[in-house]
Amino acid sequence: MSILFVGLDVHKETISVAVAEDGRDGEVRSHGTIESSPVHIGKLLKRLSANRRQLHFCYEAGPCGYGLYRQIIEAGHSCTVAAPSSIPYKPGERVKTDRLDAMKLARLLRVGELTRVWVPDVAHEAMRDLVRSRADAMQHLMANKRQLLAFLLRQGRIYSGGKHWTRAHSGWLAMQTFEHPAHQIVFQDYINAVHDGQRRHRELVAMIESMASEWSMKPLLDALCVMRGIDVISAATILCATGDLRRFPTPGQLSAYFGLVPAEHSSGGHVKRSGITKTGNMEVRRVLDQCAWCYRYPARVAINKERFYHAASQQVRDVAWRAQVRLCTRYRKLIARGKKSPVACIAVARELATFIWEMGQVVPLPS
């Protein structure tokens, strides 16, 4: 049975299609453009499979989601969702069109030069969207707070009682009044925006905690919550981006997936390493960095961890405690060597990812 490799350049309204014949010298040609709808995609699948050929599809991961992938898989064909950042480009390429992009994808799929991305199932993707919504709500809340503080600064109202957004700060805000009615309206509007943002964020956090109880990743989520610095939201953010951690053969690959490994540009006898690569999910990297700051203090089991700690198995507790001892010691050694705190925390976050990987190997997940 012959094989046909199909490249799809997917957009919101159209899909450019190209096919590559099997074999090193097989013809690569454009197959036209279709509408980006399930009906037209179904017609394309029937048309290409008319000669009983084995079909292999590919397209770049992007904002259009995984509906196309699931439709192709349900039709019984193979599909690769390619990582856009890993697609090779020639230095001399100066012309870029949808037709050429589709032909390039088909050609790269034929020679096996595409890097697959992990495609979650529908339930996992829904949980990921919920976690992303909470992150968006937090960003909007932080923007509302900055706008309120900027308005107060313009009016010469500076709080000197300590940190912002404490109970004392809230009392100070409640006592602020302005002579001009327009200023009072603006101030109250910013206050309402902050309160609305806080309520929205609390509701989304409650929804995540509620739906996590029915999630297939719940056993691993509870195990990660035993570790220092990781709560339900942090664990959900990490697992939504990774899925089953057993798909990573080594802990170093998980650290690289999060973009926490140093970049390197070496040639011959010259070795040059720079900062971390910052590839992968930015939100997960931010969460791990925040978690790493908790390892500045001596190792101990905090009060808020006792519920997860006593409910976990001995194997999970051993991994969590070994991680604490290792990472707390690691942070102190880096600071003693003269490293700045942000640099030390990134190094701790990189090693924290390896313990998260180990936790994923010892906690069984439902198949």
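Placed above this text is the structure.
Notes on the structure in this doc start here. Bear in mind the structure is a predicted one, so any value in this text is a computation, not a measurement. (Residues numbered from 1 in each chain as written. Predicted model: local features only at pLDDT ≥ 70, side-chain atom pairs only at ≥ 80, totals over all residues. Heavy atoms only, no water.)

On to the overall build of the protein. Along the protein, the regular secondary structure elements total 13 helices and 7 strands. Each of the three principal axes of the protein carries a C-alpha extent, and together these read 75 × 55 × 50 Å. By residue count, 40% of the 367 residues in the protein fall in the buried class. In the protein, the share of contacts with a sequence separation of at least 24, taken over all contacts with a separation of at least 6, comes to 61%. Accessible area of the protein: about 20800 Å², with a carbon and sulfur share of 54%. The centroid of the 52 positive side-chain charges in the protein is displaced by 7 Å from the centroid of its 33 negative side-chain charges. (Helix = DSSP H or I, 4+ residues; strand = E, 2+ residues; numbered from the N terminus. Buried < 20%, exposed > 50% of the residue type's maximum accessible area, 1.4 Å probe, protein only. Contact = heavy atoms within 4.5 Å. Areas by Shrake-Rupley, 256 points an atom, 1.4 Å probe, with all protein chains shown as cover. Lys, Arg positive; Asp, Glu negative; His and termini not counted. Charge placed at Lys NZ, Arg CZ, Asp CG, Glu CD.)

With that settled, the discussion passes to the sheet that holds strand β3 (residues 28-35). Through backbone hydrogen bonds, the strands of a sheet pair up, either in parallel or in antiparallel fashion. The sheet built from 5 strands is open, its strands ordered β3-β2-β1-β4-β5 with mixed pairing. On the outer flanks of this sheet lie β3 and β5 (78-82), each paired with one strand and no other. Within the sheet, the average angular offset between the axes of one strand and its neighbour, ignoring direction, is 20°. Examined bridge by bridge, strand β1 (residues 3-10) and strand β2 (residues 14-21) share 7 bridges and lie antiparallel to one another. Its bridge partner lying in β2, D9 is registered against S16. Sitting on the sheet, helix α2 (residues 67-74) touches β1, β2, β4 (54-60) and β5, and the angle it makes with β5 is about 160°. Packed onto the sheet, helix α3 (residues 98-111) meets β1, β2, β3, β4 and β5 and runs at close to 140° relative to β1. (Pairing = 2+ DSSP bridges. Axes fitted to C-alpha atoms, helices over the stretch in contact; angles between N-to-C directions.)

Quick look at the environment of R326 now. Mapped onto the elements of the fold, R326 is located in helix α12 (residues 314-336). On the basis of relative accessible area, R326 is assigned to the partly exposed category, the value being 43%. The spatial distance from the C-alpha of R326 to the C-alpha of Y295 is 9.5 Å, given a sequence separation of 31 residues. A polar contact is formed between the side chain of R326 and the side chain of E351, at a distance of 2.8 Å. (Polar contact = N/O pair within 3.5 Å; in protein donor to acceptor, adjacent residues only side chain to side chain.)

Before going further, it helps to examine the layout of surface pockets. Within this model, the largest pocket holds a volume of roughly 1100 Å³. Around the largest pocket sit 33 residues that line it, and V117, A241, Y257, G280 and N281 are the ones nearest its centre. Put simply, the parts of the chain that give the lining of the largest pocket at least two residues each are α4 (122-154), α8 (232-242), α9 (251-257) and α10 (282-292). The biggest single contributor to the lining of the largest pocket is α4, with 8 residues. Residues of the lining of the largest pocket, tallied by class, amount to 14 nonpolar, 11 polar and 8 charged. Counted as a void, the second largest pocket has a volume near 320 Å³. In the lining of the second largest pocket, the residues fall into 7 nonpolar, no polar and 6 charged. (1 Å grid on protein atoms, 1.4 Å probe; cavity = no way out; pocket = protein on both sides within 12 Å on 5 of 7 lines; lining within 4 Å. Points joined across faces, edges and corners; volume = space filled by probe spheres on them. Nonpolar A, V, L, I, M, F, W, Y, C, P; charged D, E, K, R; others polar.)

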